[in-house]
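Chain residues, written in single-letter form:
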Amino acid sequence: MIQGYDKILEKISKSSGLEKEELERRVEAKRAKLAGLISKEGAAQVIAAELGISFDNEKLKIDELLPGMRKVNVTGKIINLFPVRTFVRNDKEGKVSNFIIADDTSNVKVVLWDVNHIELIEKNQIGEGDVIEIINGSMRDNEVHLGSFSELKKSSEVLNEVRTEKIVKEKNISDFKVSDNSRVRAFIVQAFEPRFFYVCPECKKKAVQEGENFVCSEHGKVVPEKRALINIVIDDGTETIRSVLFHENLPQLGITDLENSERLLNQREDLIGKEMVFSGDVRMNKFFNTPEFIISEVKNVDLGELINKLEKR
Ligand SMILES: [Zn+2]
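Residues numbered from 1 in each chain as written. Predicted model: local features only at pLDDT ≥ 70, side-chain atom pairs only at ≥ 80, totals over all residues. Heavy atoms only, no water.

**Considering the overall build of the chain**
Along its length, the chain carries seven helices and 18 strands. The dimensions of the chain, computed from C-alpha atoms along their principal axes, are 65 × 55 × 40 Å. For the chain, with 313 residues in total, the buried portion stands at 40%. Taking the intrachain contacts of the chain between residues at least 6 apart in sequence as the baseline, contacts between residues at least 24 apart amount to 56%. Per element, the accessible surface of the chain, about 18,300 Å² overall, is 48% carbon and sulfur. Of the side-chain charges in the chain, 48 are positive and 54 negative, and the distance between the mean point of each set is 3 Å. (Helix = DSSP H or I, 4+ residues; strand = E, 2+ residues; numbered from the N terminus. Buried < 20%, exposed > 50% of the residue type's maximum accessible area, 1.4 Å probe, protein only. Contact = heavy atoms within 4.5 Å. Areas by Shrake-Rupley, 256 points an atom, 1.4 Å probe, with all protein chains shown as cover. Lys, Arg positive; Asp, Glu negative; His and termini not counted. Charge placed at Lys NZ, Arg CZ, Asp CG, Glu CD.)

Shown next as structure tokens:
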């Protein structure tokens, strides 16, 4: 599959007449100058701007959308619509609405801030299954945000085959952004002691201990289920990130003996230095105020696949 970065290089190459290899060299030079503070995609955009090439007002496919782009035009089918939320900021009540649109290349979250756009949702003039056109959106991380200068309207375009599955992008940890679904091959450099908590057997929400009993806010006194989570730190050579794995993913990691502290310690020690492939969501940890990787899948490194990839380079 062609990733966004390659596509953008192709576009710059077409508009500028420069070879892709030359552009790649410039991207690396730009990154080196900025001490790696900028992603490859970001650097490619800076190069494009320097060459006088703009992606403004050009209609893009969803997998061509990159963080930081402005004046984005895109069309997609709404595959998932979330309820309108209200919030209070600076004593004023505001509304926000989110949905996911998909085309034949990918899918992306769209965030509406303008009351006129949100009204279209509230009045059911736009809903799930509709194909919509966005004009003048802007990318914030990996989301398309629409403000009062943006346009949102129904499109007459027909989109039959759209990509509805969660898009997980292979990325360096140094390029991780909040709300990304990412996959990375990395080493485990730290594994903390698992923490245990209790959940209601019915709704799976946290059950709070009150004396000898466990209480669910919805179901009252319950016999709780014990759950575990483990924090690990992973390192892919570009950066480290604190990560969390929940109960159901612990066996994939090799943690199976939660009740035997000696064997658990051995299993934890075995993790250190192990290289695996991790997939999950990047979220903001509100307590530490740092990004955290919520891992939902762990796989062993597939050497065959790795060799294939290296040979293609
Ligand atoms: Zn409950």
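**Brief notes about the coordination of the zinc ion**
The zinc ion binds to the protein through Cys200 (SG), Cys203 (SG), Cys216 (SG) and His219 (ND1), with metal-donor distances spanning 2.0 to 2.3 Å. One can describe the donor arrangement at the zinc ion as tetrahedral, given that its four donor atoms subtend angles of 102 to 114° at the metal. Summarised as a motif, the one-chain spacing of the donors to the zinc ion is C-x2-C-x12-C-x2-H. Of this pair, Cys200 sits in the loop between strand S11 (195–199) and strand S12 (208–210) while Cys216 sits in strand S13 (residues 213–216), and the two are 16 residues apart along the sequence. Judged on exposure class, the residue Cys200 and its partner Cys216 are both buried. (Donors = N, O, S within 2.8 Å, 3.2 Å for Na, K, Ca; no water. Tetrahedral: all angles 85-135°; square planar, octahedral: opposite > 155°, others 65-115°.)

**Observations regarding the side chain of Glu64**
Note that Glu64 resides in the loop between strand S1 (59–60) and strand S2 (72–81). One polar contact links the side chain of Glu64 to the main-chain amide nitrogen of Lys61, over a distance of 2.8 Å. Apart from the residues lying within four places of it in its own chain, the contact partners of Glu64 are Lys7, Lys11 and Met69. (Polar contact = N/O pair within 3.5 Å; in protein donor to acceptor, adjacent residues only side chain to side chain.)

**As for the nonpolar core**
Counting residues in hydrophobic clusters, the biggest one holds 36 residues, and the most contacted among them are Leu65, Phe99, Ile101, Ile134 and Leu152. In this structure, Leu152 is in contact with Phe99, Leu112, His117, Leu120, Ile126, Ile132, Glu133, Ile134 and Leu146, ignoring residues within four places of it in sequence. Ranked by size, the runner-up nonpolar core spans 24 residues in total, among them Ala191, Ile234, Ile255 and Phe293. (Core = buried A, V, L, I, M, F, W, Y, C linked by side-chain atoms within 4.5 Å.)

**Side note on unusual backbone geometry**
Within the chain, Asp91 stands out as a residue other than glycine whose phi angle is a positive 70°. Examined against the element boundaries, Asp91 turns out to sit in the loop between strand S3 (85–89) and strand S4 (92–102). Among the residues examined, Asp91 registers a relative accessible area of 79% and is labelled exposed. Located in the positive-phi region is Lys204, a residue other than glycine, with phi close to 65°. Inspection of the secondary structure assignment puts Lys204 in the loop between S11 and S12.

**Some details on the sheet that holds strand S14 (residues 220–222)**
If you trace the three strands from one edge of the open sheet to the other, you get S12-S13-S14, paired in antiparallel fashion. Two strands close off the open sheet at either side, each with one partner strand: S12 and S14. Within the sheet, the average angular offset between the axes of one strand and its neighbour, ignoring direction, is 50°. (Pairing = 2+ DSSP bridges. Axes fitted to C-alpha atoms, helices over the stretch in contact; angles between N-to-C directions.)

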